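# Coordinate analysis (summary)
Given next are the chains, with one letter for each unit.
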Amino acid sequence: MNKIAIVGYGTTKFSREEIPVESLLLNATKSLFDQNPNLNQKDIDAVLVSTNDNTKYLSAILSELAGIQPKTAHTVESLCNSGTNSVVSAYSYIASGLADVALVVGAERRNSPGQILEWDNSRGEFKHPIFWGTIFTKAHKRKFGTTEEDLATVSAKNHKYAHDNPNAYSNKIYSVEELMNSKILTDDLKVSDCSRPCSGASAVLLVSDKVVKKYSDSPVWINGIGQKTLSASFTKNQDFSSMSSTREAAKIAFDMSHLDPIDIDIAEIHDAFTVCELMAIEDLGLVSKGNGAKFVKTLYETEDRKINPRGGLIGTGHPLGATGVAQIIETTQQLQGTAGKRQIENAKVGLVHNMSAAATSSTVLLLQS
Amino acid sequence: MSIFEVELKKGKFVIPECLTCKDVVWPPSDYCSLCFGKVNWRKSDGIGKILEYSKKGNIFFCLAEFEKKIRIMGTLQVYSNQPEIGKKVKLDTCKVDGRNYNFTMTLV
């Protein structure tokens, strides 16, 4: 089986602007080509687009706009973890020998139809994501004594880190106290606990070990992949203070890579809501169950950027199809030592956690320099 | 439109039960998700228990489980007693509102 590396990336700024999805895709692709002078359109065997946008045939449209005539071109949709699903698909094409060079571009418009899963009628009239976010938060509070201050600390940390990310949606730093006073959505959730939908696109270039030297002197290798889908219905989660799809995906990824949670230097976590960051770092095994809040408080107070150095979904924004790809870009930059102000010293192993629809499915990737 | 939705539109909550393995099928479907057997539609007693709850403004909402399998979210009518995990609820009303199902429960 071929080994697969990430050798290039490009992105747009994440913003509230209404931008056509085709423009978003092309802008991220142009950014990738601008940063990779050895890449030619003729090199690309596969173009995968990650989005929840309803526009048809987007991978062929992007290919045409970018002057690429790939062997394989298609769209991947899996709600919020479309991005990592696309990368796993690209990985599979290369690993199998069907492709040597694959371009993955994720994009979403602010008003994406992917924000609400209409099919899940078990949620009744409570289909907006704030309601599953509320149930998770209430359950975590009940089981582990998580406080509003703990949740506000996650948000304060991620806004603070996003301030050093030029592509982030948020550019404001807030105190924990300010965030604790933000607008109340439900008894258990405030506006400051939520990631926000926005427009944006991110692109990565994956290649096989056979051609890697042409494109990069510092490739980042994908050494672990774990995925698990439990259901589509939010209510099928067995325990609402824990994400079992994340636990199972993490085990598969760690087993594949022969790495352990203790090896992780930097982790991009899917903080759709503040409680999700706490639940995920616990379920990934980065801390023991119930100790997520204490761990995040220490990170915040010591300015340790180990978790969500780009600002997470809460600080950076959440353009669904682009999110997983953007998480991979941040991890790649950290492992290449090119993350600038956000750089974690001597980072060698990175983890990407990307999930969909209240953790009914999760993807975990393990990357190494 | 499924039998479930036809009945829900009349305000009736019916449950698909597999004719072969007798498992309650949820979410509602014409076939059992365990054995692909055909289902029979039967009435539910509408008694469940609260798994989790919260409040938006003055409105309580909860996630409740019925027949040890069916989990739905709905509005929770609260009069004198306060909701608690594990407390019994009765499914009062159900309807289809546009593309959404709409459930109202009351503490028993």
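Further remarks concern the environment of I94 of chain A. Residues and elements named next belong to chain A. By secondary structure assignment, the location of I94 is in helix α3 (residues 82-96). Judged by relative accessible area, I94 falls into the buried class, the value being 0%. Apart from residues lying up to four places away in sequence, I94 is in contact with N2, I4, A99, D100, A102, L206, V207 and S208.

On to the sheet that holds strand β2 (residues 46-50) of chain A. Residues and elements named next belong to chain A. Taken in spatial order, the nine strands line up as β3-β2-β4-β7-β1-β8-β11-β10-β9 in an open sheet, and their pairing is mixed. Pairing within the sheet leaves two strands with one partner each, and these edge strands are β3 (72-76) and β9 (266-268). The average undirected angle you get between the axes of adjacent strands in this sheet is 25 degrees. The sheet contact formed by strand β1 (residues 4-11) and strand β8 (residues 220-229) spans two bridges and is antiparallel. Within the sheet, the bridge partner assigned to A5 lies in β8 and is W221. Here helix α8 (residues 244-257) sits on the sheet in contact with β8, β10 (349-356) and β11 (361-368), set at roughly 145 degrees to β8.

Note on placement: T29 of chain A falls in helix α1 (residues 21-35). If near-sequence neighbours (up to four positions away) are discounted, T29 of chain A is found in contact with L62, A66, L103, V105 and A203 of chain A.

Attention shifts here to the domain arrangement of chain B. Residues and elements named next belong to chain B. As assigned here, chain B comprises domain 1 (3-43) and domain 2 (47-107). Once you take the C-alpha centre of each, domain 1 and domain 2 turn out to be 20 Å apart. At the interface, twelve residues of domain 1 touch eleven residues of domain 2. Roughly 1,100 Å² of surface becomes buried between domain 1 and domain 2 when both sides are summed, with 69% attributable to carbon and sulfur atoms.

So, how was this worked out
- Residues numbered from 1 in each chain as written.
- Chains lettered and ligands numbered in written order.
- Predicted model: local features only at pLDDT ≥ 70, side-chain atom pairs only at ≥ 80, totals over all residues.
- Heavy atoms only, no water.
- Helix = DSSP H or I, 4+ residues; strand = E, 2+ residues; numbered from the N terminus.
- Buried < 20%, exposed > 50% of the residue type's maximum accessible area, 1.4 Å probe, protein only.
- Contact = heavy atoms within 4.5 Å.
- Pairing = 2+ DSSP bridges.
- Axes fitted to C-alpha atoms, helices over the stretch in contact; angles between N-to-C directions.
- Domains from an automatic or database assignment.
- Buried area = accessible area lost by both parts, 1.4 Å probe.

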